[in-house]
Amino acid sequence: MNIPAELKYTKDHEWVKVEGDLAIVGITDFAQGELGDIVYVEVDTLDETLEVDEVFGTVEAVKTVSDLMLPLSGEIVEFNENLEDEPENVNTDPYGKGWMIKLKFSDASQVDNLLSAEDYKAHIGG
């Protein structure tokens, strides 16, 4: 299972890549594997400001629909529009082409609450 060491993680199986005051967010390799074939990603919160742990969208797989939880408070400034036509990128490249949103976060101290790769691996029983 792929758990890149340079990323941060949530207990809800999102990954976070911090770049200055922006965070790129997607779901982990573990999450996409549990969901199965992803057929649709919906993010209808673009340009909205949300609090940590609020739902920012959903991911639909063949067998289920799952809420996407915001890992950090802030404004959603970009949605990966390629996922509209190629939602399978979440399955094939969850940490690259399968990213979901870019977030301008408002409280940098929240980054400290995210899990390290080692902590996330322990969380999923790895």
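Quick caveat: nothing in here was measured; it's all calculated off a predicted structure. (Residues numbered from 1 in each chain as written. Predicted model: local features only at pLDDT ≥ 70, side-chain atom pairs only at ≥ 80, totals over all residues. Heavy atoms only, no water.)

J.: Sorry if this is basic, but what is going on with the overall build of the protein here?
T.: When helices and strands are tallied, the protein shows 4 helices and 9 strands. When the helices and strands of the protein are read in sequence order from the N terminus, they spell out β-β-β-α-β-β-β-β-β-α-α-β-α. Here the C-alpha radius of gyration of the protein, 13 Å, is about what a compact globule of 126 residues would show, namely 14 Å. Across its three principal axes, the protein shows a C-alpha extent of roughly 35 × 35 × 20 Å. Within the protein, buried positions represent 46% of all 126 residues. When contacts within the protein are restricted to residue pairs at least 6 apart in sequence, long-range pairs at least 24 apart make up 59% of them. (Helix = DSSP H or I, 4+ residues; strand = E, 2+ residues; numbered from the N terminus. Rg over C-alpha atoms; globule rule 2.2 N^0.38 Å. Buried < 20%, exposed > 50% of the residue type's maximum accessible area, 1.4 Å probe, protein only. Contact = heavy atoms within 4.5 Å.)

J.: Quick question: what am I supposed to make of the packing of aromatic side chains here?
T.: Two aromatic rings are characterised by how far apart their centres lie and by the angle between their planes. Under the defined criterion, the tally for this structure stands at 2 aromatic pairs. Consider the rings of Tyr 9 and Tyr 120, whose centres lie 4.9 Å apart with planes at 15°: the pair is stacked. Taken together, the residues span a long stretch of sequence, with Tyr 9 in strand E1 (residues 8–9) and Tyr 120 in helix H4 (residues 117–123) at a distance of 111 residues. Tyr 9 sits in the buried class, given a relative accessible area of 0%. The buried category is assigned to Tyr 120, whose relative accessible area is 0%. Here the aromatic rings of Trp 15 and Tyr 95 are separated by 5.8 Å at their centres, their planes lie at 55°, and the arrangement is tilted. You can see Trp 15 sitting in strand E2 (residues 14–19) and its partner Tyr 95 sitting in the loop between helix H3 (89–92) and strand E9 (101–105), a full 80 residues away along the chain. One exposure class covers both Trp 15 and Tyr 95, and it is buried. A cation over a ring is seen here: Lys 102 above Trp 99, with NZ or CZ 5.2 Å from the ring centre. (Phe/Tyr/Trp six-rings, centres within 6.5 Å; stacked < 30°, edge-to-face > 60°. Lys NZ or Arg CZ within 6 Å of the ring centre and 35° of its normal.)

J.: Where do I start with the UniProt feature "modified residue: N6-lipoyllysine" (unreviewed entry) in the protein in this structure?
T.: Within the UniProt annotation, "modified residue: N6-lipoyllysine" (unreviewed entry) is assigned to Lys 63. By the element assignment, Lys 63 lies in the loop between strand E6 (55–61) and strand E7 (65–69). Classification of Lys 63 as exposed rests on a relative accessible area of 64%. What Lys 63 contacts, discounting residues up to four positions off in sequence, is Glu 34, Leu 35 and Gly 36. At 3.4 Å, the side chain of Lys 63 and the backbone oxygen of Glu 34 are in polar contact. (UniProt positions renumbered as here; feature names shortened; annotations may be inferred. Polar contact = N/O pair within 3.5 Å; in protein donor to acceptor, adjacent residues only side chain to side chain.)

J.: Whenever I open this one, the environment of Glu 54 confuses me. Can you help?
T.: You can see Glu 54 is positioned in the loop between strand E5 (49–50) and E6. You can call Glu 54 partly exposed: its relative accessible area is 34%. Along the backbone, Glu 54 and Pro 71 are 17 residues apart, and their C-alpha atoms lie at a distance of 8.4 Å. When near neighbours in sequence (up to four residues on either side) are disregarded, Glu 54 contacts Leu 68, Met 69 and Leu 70.

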